[in-house]
Amino acid sequence: MKSPYIGKSKPLNELKQIESPLIEACISGERDAQNRLYQKYKAKMFGVCLRYARTQAEAEDMLLEGFFNIFKDLHQFRMQGSLEGWMRKVMVNNAIAHIRKYRKKELQSFGLENDTITNSTEPAVWRKDNLDSIIQLIRALPLGYQTIFNLYAVEGYSHKEIAKMLKIAESTSRSQYTRARQILQQKLTDNQ
């Protein structure tokens, strides 16, 4: 099996050799290195934050908080996976913490109940030309639906992992994801 490639053409080992000095410099507190790391990944990490935020300003807050945590915990990165993947995980965890801290009442009023819904048909409208519409519709979902949809469908976490992260039942994660998908499918169908 060939080694996995990240980006356009560099193998994972080559990327690690390139990023290792940058990571070490960031851990040492070198501002220039931290700025280079920030500049390199800010657009991708901002995209992660936008999926969880209600506004661009909130996404910017999440981004700054996330990079603060990345620089604080960078010494824990063991070069066993991609740096970008590790940073994405930090950003997602930060977004969830941000939601818990600043939108707790909204999350509680949403009521993550243990309803079960079993409709598992995939919508036929998930096309690339609908991407902007889909992103806006996801951001318009109620907070619980939005968070679980992003964690499962976009970030790839399992319902078991989501349940642990959000301190809810696994069945709650499944039902909220199903509801979010149904809402999105209906709105996309209505918009055609």
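About the cut-offs
- Residues numbered from 1 in each chain as written.
- Predicted model: local features only at pLDDT ≥ 70, side-chain atom pairs only at ≥ 80, totals over all residues.
- Heavy atoms only, no water.
- Salt bridge = Lys/Arg side-chain N within 4 Å of Asp/Glu carboxyl O.
- Buried < 20%, exposed > 50% of the residue type's maximum accessible area, 1.4 Å probe, protein only.
- Phe/Tyr/Trp six-rings, centres within 6.5 Å; stacked < 30°, edge-to-face > 60°.
- Helix = DSSP H or I, 4+ residues; strand = E, 2+ residues; numbered from the N terminus.

## Quick notes on the pattern of salt bridges
Step number 1: Summed over all chains, the structure comprises 7 salt bridges.
Step number 2: Measuring nitrogen to oxygen at the nearest pair gives 3.5 Å for the salt bridge that ties Asp73 to Lys72.
Step number 3: The exposure class assigned to Asp73 is buried, which follows from its relative accessible area of 19%.
Step number 4: Overall, Lys72 belongs to the partly exposed group, its relative accessible area being 46%.
Step number 5: In this structure, the salt-bridge partner of Glu155 is Arg88, at a minimum N-O distance of 3.8 Å.

## Considerations on the packing of aromatic side chains
Step number 1: All told, the structure shown has 5 aromatic pairs when counted by the stated rule.
Step number 2: Look at Phe77 and Trp86: their rings are 5.7 Å apart centre to centre, the planes differ by 50 degrees, and that puts the pair in the tilted class. The residues Phe77 and Trp86 share a single accessibility class, namely buried.
Step number 3: Ring centres of Tyr152 and Tyr177 lie 4.5 Å apart, and the angle between their planes is 55 degrees; on these two criteria the pair is classed as tilted. A residue pair is termed long-range when its members are at least 10 positions apart, and Tyr152 in helix α7 (residues 143–154) and Tyr177 in helix α9 (residues 170–190) qualify at 25 residues.
Step number 4: Judged by its relative accessible area of 9%, Tyr177 falls in the buried class.
Step number 5: A connected cluster of aromatic rings, assembled from ring pairs, spans Tyr38, Phe67 and Phe71.

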